Amino acid sequence: MKKLFVTNIGLLAGVGQDGKRSLKGEEMARLDMIANAYLTIANGRFADYGEMADCPAPTDDVRVVDAKGAAVLPSWCDSHTHIVYADSREQEFVDKIRGLSYAEIAQRGGGILNSADRLHEMSEDELYRQAIRRVDEVIRKGTGCIEIKSGYGLNTADELKMLRVIRRIKETTRLKVVSTFLGAHAVSRAYKGRQGDYVDLVVKEMIPAVGAEKLADFIDVFCDTGFFTPEETARILEAGAVYGMRPKIHADELASSGGVEVGVQHHALSVDHLESMTEEEIDLLLNSRTMPTALPGTSFFLNMPFALGRKMIDRGLPLALASDYNPGSTPSGDMKFIVSLACIKMRLMPAEAINAATLNGACAMGLSDDYGSITRGKVANFFMTDPIPSVEFIPYAYTTPLIKRVFLQGIEYMSEEIQA
Ligand code: NIG
Ligand code: FE
């Protein structure tokens, strides 16, 4: 593989972080940068970087890309998505405008159950075709690592169908993909009124089937009021642990409902959402290695409170940001917009938000040894923007499509390489 030299970089941001798996508290405000920089890549990994004045002369085996003053940043690491789903749900969007809440829509059999019905009818190929278009969209918007959940199957065959589509995305793109089994996303229609039996199905049938095919890296439960209790969550997480699936759970989206506690007790890699989190839960997280993850796109789209991101960082916690891309609560995987929302609505500083969406996102997927910063030896996933005056300009220009070129494993990404 040829070496790649990127020259004339106006601003190279997110460098260094050697040996750091995540950043917490005050550390999050530090985003190291070099103005007028070069970057070299060998064998798909970052090899070196520095000031342009010190750039080595390219040899014959080197491909040179002139950045022409562009900024270069590490790719976004989106640690929470539901990007594999069947069809959009804009009708519910209209219902929400008319005044129905997300919980009311779910109680009427809309929401997740609506997506499960559609997914059941759809072939695996069509599901892949729809998902890969969204994958192409988020790659072009700068995402280089992504977590994708199941959870619209709600029976064993359909959950496996979803997870096989996720595996196919892993195999057919250069995006780094990790997968999460979310059989306990909602009680299926077939089990209405029999939640205990549904939990049995998840534990006794779905988890062993997923485990046997090694289809999931992680396990998730929607632990919230009206969905699954902390006791049910604990049982499911323990069953997943037998197959090596580490927890990454939905907690405190609709209410403070014990999700953080059960997550911390089970050494969850992350607890996500946290819109209704309390001060006591911040204390619990301070004594843990669990990454709190905020999904501000969900708060924006559902008109709900935002997670206490500023407070978590001020109290010394780490924080990751993710999109939650899904058809119901967040039909967008635009991580640049997520970074803007975190600044505007959660009062994160731009550097904090960028760290939360890169290194800490990678950590929330167990990937920060290889992704999340421009560090010598890490996989060369990065993007190039239009020339910009400062890194703060990225969240400030909150709808400007600044991200122009994307590189995965040191090779420029072109949409044509994805077979839809
Ligand atoms: O993370 N909260 C649970 N699940 C998704 C939404 C799923 C849907 O509405 O389709 C979320 O917001
Ligand atoms: Fe989610």
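One structure accompanies this document, and this report is about it.

The rules behind these values
- Residues numbered from 1 in each chain as written.
- Chains lettered and ligands numbered in written order.
- Predicted model: local features only at pLDDT ≥ 70, side-chain atom pairs only at ≥ 80, totals over all residues.
- Heavy atoms only, no water.
- Near = heavy atom within 4 Å.
- Polar contact = N/O pair within 3.5 Å; in protein donor to acceptor, adjacent residues only side chain to side chain.
- Areas by Shrake-Rupley, 256 points an atom, 1.4 Å probe, with all protein chains shown as cover.
- 1 Å grid on protein atoms, 1.4 Å probe; cavity = no way out; pocket = protein on both sides within 12 Å on 5 of 7 lines; lining within 4 Å.
- Sits in = over half its atoms within 2 Å of the grid points.
- Nonpolar A, V, L, I, M, F, W, Y, C, P; charged D, E, K, R; others polar.
- Helix = DSSP H or I, 4+ residues; strand = E, 2+ residues; numbered from the N terminus.
- Buried < 20%, exposed > 50% of the residue type's maximum accessible area, 1.4 Å probe, protein only.
- Contact = heavy atoms within 4.5 Å.
- Points joined across faces, edges and corners; volume = space filled by probe spheres on them.
- Domains from an automatic or database assignment.

Moving on to the site of ligand 1. Neighbouring ligand 1 are 15 residues; Tyr102, Tyr152, His185, Glu253 and Ser329 lie closest to it. The side chain of His82 places a nitrogen or oxygen atom 3.3 Å from an oxygen atom of ligand 1. Protein contact buries 100% of the 330 Å² of open area that ligand 1 shows by itself. Under a 2 Å grid-point criterion requiring more than half of the atoms, the pocket assigned to ligand 1 is the largest cavity. In terms of residue class, the shell around ligand 1 is built from 4 nonpolar, 8 polar and 3 charged.

Let us now look at the environment of Lys96. Examined against the element boundaries, Lys96 turns out to sit in helix α1 (residues 90-98). By relative accessible area, which is 17% here, Lys96 ends up buried. Each C-alpha atom of the pair Lys96 and Asn303 lies 9.7 Å from the other, and the pair is 207 residues apart in sequence. Once you skip the residues sitting within four places of it in the chain, Lys96 turns out to touch Tyr102, Ile105, Phe301, Leu302 and Gly328. Of note is the side chain of Lys96, whose polar atom sits 3.0 Å from the backbone oxygen of Gly328.

Let us now look at empty space enclosed by the protein. The tally for this structure, following the rule as stated, stands at 3 cavities of 30 Å³ or more. In this structure, the largest cavity occupies an estimated 80 Å³ of space. Every residue lining the largest cavity is listed: His82, Tyr102, Ile112, Tyr152, His185, Phe222, His250, Glu253, His273, Asp324, Asn326 and Ser329. The residue inventory of the lining of the largest cavity, partitioned by class, reads 4 nonpolar, 6 polar and 2 charged. Computed from the structure, the second largest cavity encloses a volume of approximately 50 Å³. As for the second largest cavity, its lining consists of Phe46, Pro74, Ser75, Cys77, Gly144, Cys145, Tyr371, Gly372, Ser373, Val379 and Asn381. Two domains each put at least three residues into the lining of the second largest cavity: domain 1 (3-74 + 373-417) and domain 2 (76-363).

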